[in-house]
Amino acid sequence: MSSQEQPEQGEAKPRPLNEPALTALSLYPQDWALFLDIDGTLLDLAERPEAIVVPDYLPGTLHALSRQLGGALALVTGRAIEFVDPLFAPFRFPVAGLHGAERRDAAGRLRRAHIPPAFQAMKQTIAYEAQAWPGAIVEDKGAAVAVHFRHAPAYESEIGEAMQRHLEEAGPDWNLQRGKMVLEICPAHASKGHAVEAFLSEAPFEGRRPVAIGDDVTDETMFAAANRLGGQSVRIGDANGKTLARASIGSPARLRDVLGTLVK
Ligand SMILES: O=P(O)(O)OC[C@H]1O[C@H](O[C@H]2O[C@H](CO)[C@@H](O)[C@H](O)[C@H]2O)[C@H](O)[C@@H](O)[C@@H]1O
Ligand SMILES: [Mg+2]
């Protein structure tokens, strides 16, 4: 996120969403596009990356909403695309993965991120180093690697120092991304905001106003894009005012309820 996009210290908290504000998605579906983060937004956070639970009804709700929006619904996530598809089977939505570093558009065209040999080697080194951080989980996402410290909080600074060192060795093509109890190295060229803009340059998203919904720092660039493009930005949970989102919803469960009410 550029310094221009950073929320000001002490900026007013996003107002609790007047949920009818999202009813535009239902009333004027031809005018809007919906961009949804996954972890902590559509789905409740879980203790481990693979322990997330997708409620049975959710893929069907998203499919119905997508049809209502003429297909202008995309998932924008830090997960790898191949992890996302089985979650929402039998449906396959347009999706940006690895915080925007890879993307599958509405026509099914896939743009992958390159994985240089040196990055493969770095992932192996991180997996080896993680043996010294009991409880830490290394998540290999292809062109990104995450170290989760939810169960190893005492090692947060040690993990941070190691990841910073690897980042410096990897060079300017890579970025250190902080999330909820996680640090990850991912391609620097991409952001969720760029992914939203890329979708909006193509059918069926083109010409629509974006609604971006997320819960974490990585979602701030898509909030900035949505705000700039005349849309709506919604943060899930409490960000203590440190967000560009203009509205908030209390929890993923509440968001799922709201999405259900939008289906005609
Ligand atoms: O952009 P998102 O769709 O929100 O993905 C962000 C990261 O989500 C996952 O990690 C987070 O969720 C886990 C499961 O609930 C949780 O255990 C972990 O503490 C969270 O950081 C995922 O594992 C990462 O790869 C994503 O980047
Ligand atoms: Mg999230």
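Since we're looking at a predicted model, the values are computed, not measured. (Residues numbered from 1 in each chain as written. Chains lettered and ligands numbered in written order. Predicted model: local features only at pLDDT ≥ 70, side-chain atom pairs only at ≥ 80, totals over all residues. Heavy atoms only, no water.)

**Details of the confidence of the model for the protein chain**
Model confidence for the protein chain is summarised by a mean pLDDT of 93, while 92% of its residues fall at 70 or above. Between residues 1-11, whose pLDDT stays under 50, and residues either more than four places distant or in other chains, the model counts 17 contacts. Reported confidence for the predicted complex is 0.99 by ipTM and 0.93 by pTM. (pLDDT = per-residue confidence, 0-100. Contact = heavy atoms within 4.5 Å.)

**Section: the site of ligand 1**
Near ligand 1, the surroundings consist of 22 residues, among which Asp37, Ala46, Thr77, Lys141 and Lys180 are the closest. Residue Asp37 places a side-chain N or O atom 2.7 Å away from an oxygen atom belonging to ligand 1. Ile38 places a polar main-chain atom, nitrogen or oxygen, 3.2 Å from an oxygen atom of ligand 1. Contact with the protein chains hides 97% of the accessible area of ligand 1, taken as 580 Å² for the molecule alone. (Near = heavy atom within 4 Å. Polar contact = N/O pair within 3.5 Å; in protein donor to acceptor, adjacent residues only side chain to side chain. Areas by Shrake-Rupley, 256 points an atom, 1.4 Å probe, with all protein chains shown as cover.)

**What about unusual backbone geometry?**
With an omega dihedral of 10 degrees, the bond running from Ala89 to Pro90 counts as a cis peptide bond. Tracing the chain through its elements places Pro90 in the loop between helix H3 (81-87) and strand S4 (95-97). Of the consecutive residues Ala203 and Pro204, the connecting peptide bond is found in the cis state with omega at 0 degrees. The residue Pro204 is located in the loop between helix H6 (192-200) and strand S11 (209-214) in this model. Positive phi outside glycine occurs at Leu98, with the angle close to 50 degrees. (Helix = DSSP H or I, 4+ residues; strand = E, 2+ residues; numbered from the N terminus.)

**A look at the sheet that holds strand S10 (residues 182-187)**
The strand order across the open sheet built from 4 strands is S7-S8-S10-S9, with neighbouring strands paired in antiparallel fashion. The outermost strands of the open sheet, each flanked by one partner alone, are strand S7 (137-140) and strand S9 (174-179). Shown here is a sheet whose adjacent strand axes are inclined to one another by a mean of 15 degrees, direction ignored. As defined by bridge partners, S9 adjoins S10 across 6 bridges and the pair is classed as antiparallel. Each bridged residue has a counterpart across the sheet, and for Gln177 the counterpart in S10 is Glu184. Taken strand by strand, helix H4 (residues 117-129) contacts S7, strand S8 (145-148), S9 and S10, and its axis lies near 15 degrees from that of S8. (Pairing = 2+ DSSP bridges. Axes fitted to C-alpha atoms, helices over the stretch in contact; angles between N-to-C directions.)

**Observations regarding the pairing of strand S12 (residues 232-236)**
On any regular strand, side chains alternate: one points to one face of the sheet, the next to the other face. With 5 of 5 residues buried, S12 lies mostly within the body of the structure. Relative to S12, S11 runs parallel, the two being bridged by 4 bridges. Each residue of the ladder has a partner; that of Gly214, found in S12, is Arg235. After leaving S11, the chain enters helix H7 (residues 220-228) and then returns to the sheet as S12, a path that is right-handed. (Buried < 20%, exposed > 50% of the residue type's maximum accessible area, 1.4 Å probe, protein only. Right-handed = clockwise from strand over helix to strand, strands pointing away.)

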